[in-house]
Amino acid sequence: MNVLVTGGAGYVGSHAVAQLLAAGHDVRVWDNLSRGHAASIPAELLIRGSLSERERLTSVLREHRIDAVMHFAAYALVAESVANPSLYYENNVLGTLSLLDAMHDADVGRIVFSSTCATYGIPEKVPISEDTPQAPVNPYGYTKLVIERALADYAHAYGLGYAALRYFNACGADPEARRGEDHEPETHAIPLALLAALGKRDGFTILGTDYPTPDGTCVRDYVHVDDLADAHLRALDRLRPGEGLRLNLGTGRGFSVREVVDSAQRVSGRDIPVTTGDRRPGDPPELVADPTRAQQVLGWKPRYTEIDAIMETAWHWHETHPDGYAGSAS
């Protein structure tokens with residue numbers, strides 16, 4: 001297929017681009033590079049632009065005879081969404097509607113959408129299935145849920161075929177360290193722990209030690225970025241006009257924050273200074289996926305299910321790119 005990947009220079013998007021190319025698809029990347037990294041993708045694929053440029057998007061979709069879109073171009077920091085909801089509604093909602101309308105104008109009828117487990121809010125029970133009520137507790141989660149509902153409406157009205165893939169905690173890196181996780185600011189536990197191991201941070205702070213979990217710290221389902229990319233390619237092959245897939249992407253296993261830090265120390269062979277702090281408002285004690293439906297519908301099974309195996313790929317990236325993409329020769 002001819003595939004346009006929005007946000008394809010970002011963390012998950014760049015890994016999806018690599019797998020699309022390996023599978024023989026023709027790829028173009030639409031990214032404004034506000035949070036992505038040009039070094040993460042082949043230079044000739046990049047078309048620099050904003051989601052708000054509907055007419056230009058339409059032209060690009062027609063010019064490159066795009067068959068399907070993978071949409072990763074979203075802001076995804078929970079705390080930032082609370083402090084600046086306008087930014088999130090403008091980009092994640094209005095920007096995506098601009099993209100969907102450009103697709104409609106150009107007669108592109110398939111999209112794989114990067115959604116999130118944040119649409120579930122604080123679930124009453126885990127593991128979380130797709131039938132769990134969606135009740136977001138922050139603007140980021142709301143913006144993703146708005147688009148999930150828009151996709152269903154576009155499918156009904158215009159025959160759009162879509163997949164809404166609800167990630168749990170994306171993590172890890174390309175095993176050969178060609179692509180990795182490089183955010184500013186960094187808020188994810190694994191890179192924060194490894195940056196502390198490298199001496200790039202003073203230490204690691206565990207936010208909350210009194211949760212109702214085995215060791216008192218939050219438990220999360222860590223799903224490797226290459227496994228996420230694989231699920232996107234599988235979803236692409238299963239899109240049908242007027243039909244929607246809504247699937248959780250996780251491993252079905254949870255690891256606590258303490259377990260993550262212990263793994264980072266084992267894998268890196270370095271001590272990480274650890275302090276404790278107060279809980280972050282709205283942090284659920286445990287978020288673990290029930291990935292059964294994705295496995296049944298897509299034939300998808302995560303390859304990385306052990307925290308040390310995930311950590312090794314992340315450590316290889318951070319050790320060889322201590323300054324992220326800014327220090328990359330590529």
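Up top you'll find the structure we're talking about.
Bear in mind that the values here come from a model prediction, so they are computed numbers and not experimental data.

Quick word on the packing of helix α6 (residues 189-197) against helix α8 (residues 257-268)
In contact at an axis separation of 9 Å, α6 and α8 are set at 45 degrees when each is read in the N-to-C sense. By the angle between their directions, the pair α6 and α8 is classed as oblique. In the crossing of α6 with α8, the sense of the turn from one axis to the other is right-handed. Facing A189, I190, A193, L194 and A197 of α6, the residues of α8 in contact are V260, A264 and S268. Among the residues making up the contact of α6 with α8, the classes are represented as seven nonpolar, one polar and no charged.

Remarks on helix α7 (residues 225-237)
Across its 13 residues, α7 extends 19 Å between first and last C-alpha, which sits within 8% of the 18 Å expected from 1.5 Å per residue. Judged by how many residues are buried, α7 sits mostly within the fold: ten of 13 residues are covered. Buried residues of α7: V225, D226, D227, L228, A229, A231, H232, L233, A235 and L236, and no others.

Some points on the layout of surface pockets
Considering only enclosed or pocket space, the second largest pocket measures out at about 190 Å³ in volume. Lining of the second largest pocket is provided by 14 residues; of these, D182, H183, E184, E186 and L195 occupy positions nearest its centre. Split by residue class, the lining of the second largest pocket holds four nonpolar, four polar and six charged.

Considerations on the pattern of salt bridges
For the structure on display, the rule yields 19 salt bridges. In this structure, R54 engages D101 in a salt bridge whose closest nitrogen and oxygen atoms are separated by 3.8 Å. Here the residue R54 occupies a position in helix α2 (residues 54-63), and D101 occupies one in helix α4 (residues 85-105), the gap between them amounting to 47 residues. Looking at D101, the relative accessible area reads 22%, which means it is partly exposed. Among the ionic pairs, E306 bridges to R253, the shortest N-O distance being 2.7 Å. Here R253 lies in the loop between β11 (244-249) and β12 (255-256) and E306 lies in the loop between α9 (292-298) and α10 (307-320), a separation of 53 residues in the sequence. Assessed through its relative accessible area of 43%, E306 is described here as partly exposed. R253 gets classed as partly exposed once you look at its relative accessible area, which sits at 33%. Sharing partners across several salt bridges, the network here consists of D174, E176, R178 and R179.

About the criteria used
- Residues numbered from 1 in each chain as written.
- Predicted model: local features only at pLDDT ≥ 70, side-chain atom pairs only at ≥ 80, totals over all residues.
- Heavy atoms only, no water.
- Axes fitted to C-alpha atoms, helices over the stretch in contact; angles between N-to-C directions.
- Helix = DSSP H or I, 4+ residues; strand = E, 2+ residues; numbered from the N terminus.
- Parallel < 35°, antiparallel > 145°, perpendicular 65-115°, else oblique.
- Left-handed = near helix turned anticlockwise from the far one by under 90°.
- Contact = heavy atoms within 4.5 Å.
- Nonpolar A, V, L, I, M, F, W, Y, C, P; charged D, E, K, R; others polar.
- Expected span 1.5 Å × (residues − 1).
- Buried < 20%, exposed > 50% of the residue type's maximum accessible area, 1.4 Å probe, protein only.
- 1 Å grid on protein atoms, 1.4 Å probe; cavity = no way out; pocket = protein on both sides within 12 Å on 5 of 7 lines; lining within 4 Å.
- Points joined across faces, edges and corners; volume = space filled by probe spheres on them.
- Salt bridge = Lys/Arg side-chain N within 4 Å of Asp/Glu carboxyl O.

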